[in-house]
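Coordinate inspection notes
This is what each chain is made of:
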Amino acid sequence: MSAQIVTISSYHPPEFYYAYDYLFQTAGDNEILVLGQENGEFTGLSDKPRILYNAIKDGKIKEKIICFIDAWDVILASSLEEIIEKYKSFNCPIVIGAEKNCFPANFKKEYDKLPSTSSFKYLNSGVIIGETDAIMEVLEVMDAPNLPRDYYNPQTGTNYHFNDQAYYMDLFLRQPVTMKLDYNCEIAQNMQGVTMDDISLSVRLDKEWNQIRPEIRNNETKFFPLILHWNGSSKSDGTREPILKHLNLI
């Protein structure tokens, strides 16, 4: 398997509610390529597509598959090998996580028309897995090198922020490359709007390693997600600590 975990973080977040250190714990022996650490490289969320584009163009990513995840609020609940195996079962160049909340909300009508299979029907760009060439094609159509940067207008006293998720939501609707959403949370569990009543904590016997492994079950879709993402306000809604404890991380 030729796959690379890639993330973007300009510094180590000091706030206790982030999961940055746990991400590296759960990655095991798999190296995580951390981008965006050069001075002034990351100024806001719209820089993420640009940084990833440049990394692929400059040959920093040589693997055929990229597991592109957020850095501060994501952990792996399984091995990279199992994650990629599940990704391949979608038979699609790019698979993107889905969530209950639609942000930005102006895409809601279009996404409500799509044939979703659960209440997780809106794109979340915190977990994107795909063929490197296909991701590069999407970034080229997005015009990633020229996306606007966050800025402050002193004349109006307004801060302008641009969100990479909006660009991915737009391109998913246009499908310049075949993309699928992980409606059943088979790969990614985005936690915004999810309570402990919506999930079950259990264990299973890993026959390959002959050991008991903890797992998380989505009670609606009946699947066991392999990546957890505490997006939005879910970092402090009471789900983070029980899950980290169940996974023996705290």
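First things first, this report covers the structure right here in the doc.

Thresholds applied
- Residues numbered from 1 in each chain as written.
- Predicted model: local features only at pLDDT ≥ 70, side-chain atom pairs only at ≥ 80, totals over all residues.
- Heavy atoms only, no water.
- Pairing = 2+ DSSP bridges.
- Helix = DSSP H or I, 4+ residues; strand = E, 2+ residues; numbered from the N terminus.
- Axes fitted to C-alpha atoms, helices over the stretch in contact; angles between N-to-C directions.
- Phe/Tyr/Trp six-rings, centres within 6.5 Å; stacked < 30°, edge-to-face > 60°.
- Contact = heavy atoms within 4.5 Å.

**Details of the sheet that holds strand 4 (residues 74-76)**
The strands that make up a sheet pair up through hydrogen bonds in the backbone, lying either parallel or antiparallel. Taken together, the 3 strands give an open sheet; going across it, the order is 4-13-10, and neighbouring strands pair in mixed fashion. For this open sheet the edge positions go to strand 4 and strand 10 (188-190), each flanked by a neighbour on one side alone. Pairs of neighbouring strands in the sheet enclose a mean axial angle of 15°, with direction left out of account. Of the strand pairs in this sheet, strand 10 and strand 13 (residues 227-229) are connected by 3 bridges, and their pairing is parallel. Bridging from a neighbouring strand, Ala 188 pairs with Ile 227 of strand 13.

**Observations regarding the packing of aromatic side chains**
Note on aromatic pairs: each is described by the distance of the centres and the angle between the planes. One pass over the full model with this rule turns up 6 aromatic pairs. Each member of the aromatic cluster is reached from another via a ring pair, and the members are Tyr 11, Phe 16, Tyr 17, Tyr 18 and Trp 72.

**Things to note about the sheet that holds strand 1 (residues 3-8)**
Read across the sheet, 6 strands follow the order 2-1-3-6-5-9 without closing on themselves; strand pairing throughout is mixed. Looking at the sheet topology across the chains shown, the edges are occupied by strand 2 (32-35) and strand 9 (179-182). Across the sheet, the axes of successive neighbouring strands diverge by a mean angle of 30°, strand direction being ignored. In this fold helix 3 (residues 80-88) packs onto strand 1, strand 3 (65-69), strand 5 (94-99) and strand 6 (122-131), with an angle of close to 100° to the strand it touches most, strand 6. Across the sheet, helix 5 (residues 132-142) is in contact with strand 3, strand 5, strand 6 and strand 9; its angle to strand 6 comes to roughly 130°.

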